[in-house]
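# Results of the structural survey
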Amino acid sequence: MPRRTVVAVLLLVAAIAGGTALSCSHRAPPRTIFLVSIDTLRPERLGVYGNTPDVSPRIDELAKQSVVFDQALANSPYTLPSHMTMLTGLDPVAHGVKRDGDVLSSRVTTLAEQLRSSGFECGAFTDGGFVSAGYGFSQGFHVFDDKRDNREEGAVNGFKRILPRATAWLDSHSDDDLFLFVHTFDVHAPYQSGDPDVHTRFRERPVQDSPQDYELFRLGFMYQHQLLKIDQYDRIGELLNDYDSGVNEADTGVGALVDWLSAHGRLEDALVIVVSDHGESFADHGIHIGHGIGLTDDEIHIPLVMKLPRAEAAGRRIPGPVDLTDLAPTVLDVFGLPPVAEMQGESMLGLLRGRSR
């Protein structure tokens, strides 16, 4: 081969190699979606919605980089239909999973299925119960872990059980596009079932008398409230201290997930959503303590904190109403993915970018 030809070939090879290296060094960062549902969480029990700063310092810190929605609403005051709405963009009448025994139709395209078809590794780690594979929640996920420990003495559930499994899965896919869904009962009754050390700390807070204290005495005779150990409280303030201790445990778990993102250089470009499926009534209307029977704010007003990639619109508060049908369309819209035609919700990005709803 003539020397001139050899030189030309070598230059061409070098150019191709250099171009490949350049394209690799400028490869887009992996896409990341963390959706965390803290079951039974009333907004005002978070610091960012008005509670004392010792309860949820990690979520409050995340909120500084996020958009906070002041009027986010659940489409049901009950765990099963609300979570199915969250993951399908359909209201409970449309998705049909409203009570025990219902199973999601395979004809419904879930958020996980749409993300999976777009190249995401999809993993879910839940506290079981009404967020279990048997209802169709696993549809679209590569991994769906709902193996709640037996309720014997010393059983570990909530974030303490979920975190090691979730982070192990994340570590095994640290370079992939990721969709992580986490659901936890840390805040759910019985409120005494959390970490004893956290309970001790929160039980030291002073308790004020409340007009609802009498309701505790009356409701203590109801079987459901005995089952949830509500009859062990004399004052609403004591109950709220235990409830806040559960919020604090969930907050620590959220912080651990944010720390994983930071340690792997993925936080800046990540979409992180902290939300709940419904609230909790503390005898607000003299009816009950718990959830599942009322459509008043105490049961359907929920927190929604959304950290967008590159902290877009950080610090903004959105006063207008949104609901859980809007969640899945928003996730897809953030990453420019095709919408699912049957989803009933609307992307919330329009609210952040000046578009009318």
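Look up a bit, the structure's there.
My aim in this report is to walk through the structure given alongside it, one point at a time. (Residues numbered from 1 in each chain as written. Predicted model: local features only at pLDDT ≥ 70, side-chain atom pairs only at ≥ 80, totals over all residues. Heavy atoms only, no water.)

### What about unusual backbone geometry?
A cis amide bond, omega 0 degrees, links Ala189 with the succeeding residue Pro190. Phi is positive for Thr40, which is not a glycine, with a value near 70 degrees. Structurally, Thr40 is set in the loop between strand 1 (32-38) and helix 2 (57-63). Given the relative accessible area of 0%, Thr40 is considered buried. (Helix = DSSP H or I, 4+ residues; strand = E, 2+ residues; numbered from the N terminus. Buried < 20%, exposed > 50% of the residue type's maximum accessible area, 1.4 Å probe, protein only.)

### Section: helix 10 (residues 236-263)
In this model, helix 10 (28 residues) spans 40 Å end to end at C-alpha, consistent with the 40 Å of a helix rising 1.5 Å per residue. Among the 28 residues that make up helix 10, 22 are buried, leaving the element largely enclosed by the rest of the structure. Count one or two residues on from helix 10 and you reach Gly265, which has phi positive near 65 degrees. (Expected span 1.5 Å × (residues − 1).)

### Section: the pairing of strand 1
The element strand 1 is largely enclosed, with a buried count of 7 among its 7 residues. Alternating residues of strand 1 divide into Thr32, Phe34, Val36 and Ile38 and Ile33, Leu35 and Ser37, and every residue in both groups is buried. Pairing analysis gives 7 bridges linking strand 1 to strand 5 (residues 178-184), with the strands arranged parallel. What sits directly across from Ser37, in strand 5, is His183. Bridge analysis of strand 1 against strand 6 (residues 270-275) gives 6 bridges, and the strand direction is parallel. Looking across to strand 6, one finds that Thr32 is bridged to Ala270. (Pairing = 2+ DSSP bridges.)

### Regarding the side chain of Ser281
When you line up the elements, Ser281 lands in strand 7 (residues 281-282). In this structure the side chain of Ser281 is engaged in a polar contact, spanning 3.0 Å, whose partner is the side chain of Asp298. Leave out the neighbours within four places in its chain, and Ser281 touches Arg42, His288, Ile289, Gly290, Asp298 and Glu299. (Polar contact = N/O pair within 3.5 Å; in protein donor to acceptor, adjacent residues only side chain to side chain. Contact = heavy atoms within 4.5 Å.)

### Examining the nonpolar core
Nonpolar side chains tend to gather and get buried jointly when the protein is soluble and globular. Within the largest apolar cluster, 51 residues are counted, with the highest numbers of intra-cluster contacts made by Ile38, Leu180, Tyr191, Leu239, Leu257 and Ile289. Those elements giving two or more residues to this core turn out to be strand 1, helix 2, helix 6 (159-172), strand 5, helix 7 (196-203), helix 8 (213-219), helix 10 and strand 6. Per-element accounting of this core gives the leading share, 11 residues, to helix 10. Filtering out sequence-adjacent residues up to four positions away, Leu180 remains in contact with Ile33, Phe34, Leu35, Gly123, Phe125, Ala166, Trp169, Leu170 and Leu257. Core analysis: the second largest hydrophobic core is formed by 49 residues, Ile33, Val97, Phe137 and Ala328 among them. (Core = buried A, V, L, I, M, F, W, Y, C linked by side-chain atoms within 4.5 Å.)

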